[in-house]
Amino acid sequence: MNAQHNNESDAHSCTDGTKQPHSSTPSIACELITAVQLAELLNVSERTLYRLKSSRRLPRSISLGGSVRWRLSDIRKWIADGCEPPATR
């Protein structure tokens, strides 16, 4: 029996069009976006994204080990509110 594993079939599409691996909680995987995904969403470079983060002009990020993620719901609300800098934390 020759069973090949197709990575594409092991992924699901999130509502924003990104592909995420299947998991028991796919909504969590879709809820957290990377710096690359956020930069693409905002149409800015990653460098500009990190400048905005450093100046606290983006919603709060989440650190996972050495990775940084943002909650997509926070980003959507921030955009709907006119991209105003978040209140002091």
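Computed from a predicted structure; not experimentally measured.

What counts, and at which threshold
Residues numbered from 1 in each chain as written. Predicted model: local features only at pLDDT ≥ 70, side-chain atom pairs only at ≥ 80, totals over all residues. Heavy atoms only, no water. Helix = DSSP H or I, 4+ residues; strand = E, 2+ residues; numbered from the N terminus. Buried < 20%, exposed > 50% of the residue type's maximum accessible area, 1.4 Å probe, protein only. Pairing = 2+ DSSP bridges. Contact = heavy atoms within 4.5 Å. Salt bridge = Lys/Arg side-chain N within 4 Å of Asp/Glu carboxyl O.

Colleague: Is there a simple way to explain the overall build of the chain in this structure?
Modeller: Within the chain one finds 4 helices and 5 strands. Each helix and strand of the chain, ordered N terminal to C terminal, gives the series β-β-α-β-α-α-β-β-α. Scored against the burial criterion, the 89 residues of the chain give a buried share of 24%.

Colleague: Even after reading the chapter, I still don't get the environment of S55, so can you show me in this structure?
Modeller: One can find S55 in the loop between helix 3 (46–54) and strand 4 (62–64). Separated by 30 residues in sequence, S55 and P85 have C-alpha atoms that sit 9.2 Å apart.

Colleague: Is there a simple way to explain the sheet that holds strand 3 (residues 32–33) in this structure?
Modeller: Across a sheet, paired strands are connected by hydrogen bonds in the backbone, their directions being either parallel or antiparallel. Read from one edge to the other, the open sheet built from 3 strands follows the order 3-5-4, with strand pairing classed as antiparallel. Because the sheet does not close on itself, it has two edges, and the strands there are strand 3 and strand 4.

Colleague: Looking at this model, I keep getting lost on the side chain of S61. Mind explaining?
Modeller: Tracing the backbone through its elements, the reader meets S61 in the loop between helix 3 and strand 4. Overall, the relative accessible area of 19% leaves S61 in the buried class. If we ignore the near neighbours within four places in the chain, the residues touching S61 are K53, V68, R69 and W70.

Colleague: I would appreciate a short explanation of the pattern of salt bridges in the present structure.
Modeller: Note that side chains of opposite charge can pair when their charged atoms are close. A full pass over the atoms with the stated rule returns 2 salt bridges. The shortest N-O distance in the salt bridge between D74 and R71 comes to 3.9 Å. Between D81 and K77 there is a salt bridge, with the nearest N and O atoms lying 2.8 Å from each other. A relative accessible area of 45% means that D81 is categorised as partly exposed. In this structure K77 comes out as exposed when scored by relative accessible area, which is 52%.

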